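The residues making up each chain are set out below.
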Amino acid sequence: MKTTDPDPVSRAEAFRPFTSPGQGHWAHVSPADWADSGWQQRNRITNMAGLTGKIRLTSREEGGVLLSSTKLAMGITPYFFNLVDPDDPHCPIRQQVIPKTDEVHYVEGDMADPCGEDKSMPVPGLVHRYPDRVLFLVTDRCASYCRYCTRSRVVSGAGEQDLEIDFEAAFAYLEQHTEIRDVLLSGGDPLLFSDKKLQTILRRLRAIPHIEFIRIGSRVPIFLPQRITPQFCEMLREFHPLWMSVHVNHPKELTIEVRDALGRLADAGVPLGNQSVLLRGVNDDPEVMKVLVQKLLRCRVRPYYLYQADLIQGTSHLRVPVRRGLEIIENLRGHTTGYGVPQYVIDGPGGGGKIPVNPEYVVARLPDRLILRNYKGEMYEYPDESLAERPLPSYNTEVLAPSMG
Ligand code: SF4
């Protein structure tokens, strides 16, 4: 009998409910160990032996696993590994964490440091590119390693380049540069630090009066939700305003465990945003992306950025044409909650920073009006002086300036 693939909508809808992967291959482990983030980290899958008997690898994957120890290490928490479909090489979770031989295939335009971070480091570990904010790379380790990682040149300890970090020099730089009001802690993953170590870093930052705002970028709530303990969330309360950017690419990653971990962070007053990377075979499907953003909202996470994949060496097999990204945004804008529509961005190759990319809704700019298209393709006119030569009124800065009295 001939079987047909389910249509894309029903395939995506299958991921809408929150489910738990359970203990799966580790059913023999005590529930206390399973719920312990230390146990999860100590028992990560890091080599071929760890995969044996748990997954049917393709030959490309087998080769990739063997090569990963010289490039970007493989590391997968047991919890996250249970989301991998062991029999389906097209599984969207599998694409993200199981290496392939494609990773040693470089194409023209590939770069080791596609965001030009190394050249924007005034002190080791601190990237200062935008006027009022910095990226502070505090570790090179992650709970699991994403095969498309923008910092694969320095994370995991397997590649040729080490991430150099000088904490004291970084704090001194931050103290001296009063224009910096926003610090993003990233890496690697800062949430792999102990509560105490992270608390020490956050206290140092909070002691600098001009730092108004702290963010943490982390994939730990997704790879290792066991790390988000009530005690950890309580500790974070001391440092508000403290925001967190998490990183979810596919709705299957939003399990019961992850939803509850994100809920604990939200209950502790941490505003949550999500950054997704557009990846071939993972989320390059408008219906999958719609389920993802709607599920994120149910977890109290605002979909924030959708990244066009950076030009990282050995990741061209995971990249998707920009027109597909635009199609995905078109399928969201107006078709679902506005809070659920992320900003699609391309990081200017070589260090240009994030550049927004949007579908075109202004069809024409006439001297006296704009012709606009809505999400259904219907046309509207808005009277405007778009092309008029009259200069725009200037702001009255005296009125806008806060009272000094
Ligand atoms: S968690 Fe972030 S830093 Fe770590 S491998 Fe994944 S993308 Fe890279």
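Check the entry above for the structure.
Everything numeric here is computed off the predicted structure, so don't read it as measured data.

## Considering the pairing of strand 12 (residues 379-383)
Then comes step 1: Along strand 12, only zero of the five residues are buried, which leaves the element largely exposed.
Then comes step 2: Judged from the five bridges that link them, strand 11 (residues 369-373) and strand 12 form a sheet pairing that is antiparallel. Opposite Leu 372, over in strand 12, you have Tyr 380 as the bridge partner.
Then comes step 3: Adjacent in sequence and paired antiparallel, strand 11 and strand 12 are bridged by five residues, among which Gly 377 carries a positive phi angle near 90 degrees.

## Quick look at the site of the ligand
Then comes step 1: The ligand sits among Cys 142, Tyr 145, Cys 146, Cys 149, Arg 151, Val 155, Gly 187, Gly 188, Asp 189 and Arg 219.
Then comes step 2: In terms of residue class, the shell around the ligand is made up of five nonpolar, two polar and three charged.

## A look at the environment of Leu 311
Then comes step 1: With respect to the helices and strands, Leu 311 occurs in the loop between strand 7 (301-308) and helix 14 (322-332).
Then comes step 2: What makes Leu 311 buried here is the crowd of 21 C-beta atoms within 10 Å.
Then comes step 3: Note: C-alpha distance between Leu 311 and Met 379 (68 residues apart in sequence) is 37 Å.
Then comes step 4: Beyond its immediate sequence surroundings of up to four residues, Leu 311 is in contact with Gly 109, Asp 110, Met 111, Pro 114 and Pro 349.

## Here we look at the sheet that holds strand 4 (residues 213-217)
Then comes step 1: With mixed pairing, nine strands are arranged side by side in an open sheet as 1-2-3-4-5-6-7-8-9. The open sheet is flanked by strand 1 (126-130) and strand 9 (353-356), the only strands paired with a single partner. Averaged over all neighbouring strand pairs, the angle between strand axes comes to 30 degrees, with direction disregarded.
Then comes step 2: Sheet topology places strand 7 next to strand 8 (residues 343-348); three bridges connect them, and they run parallel. Residue pairing in the sheet places Tyr 305 in a bridge with Gln 343 of strand 8.

What counts and how
- Residues numbered from 1 in each chain as written.
- Predicted model: local features only at pLDDT ≥ 70, side-chain atom pairs only at ≥ 80, totals over all residues.
- Buried ≥ 20, exposed ≤ 12 C-beta atoms within 10 Å, placed from the backbone.
- Helix = DSSP H or I, 4+ residues; strand = E, 2+ residues; numbered from the N terminus.
- Pairing = 2+ DSSP bridges.
- Near = placed C-beta within 6 Å.
- Nonpolar A, V, L, I, M, F, W, Y, C, P; charged D, E, K, R; others polar.
- Contact = placed C-beta atoms within 7 Å.
- Axes fitted to C-alpha atoms, helices over the stretch in contact; angles between N-to-C directions.

Shape descriptors only; they carry no functional weight alone.
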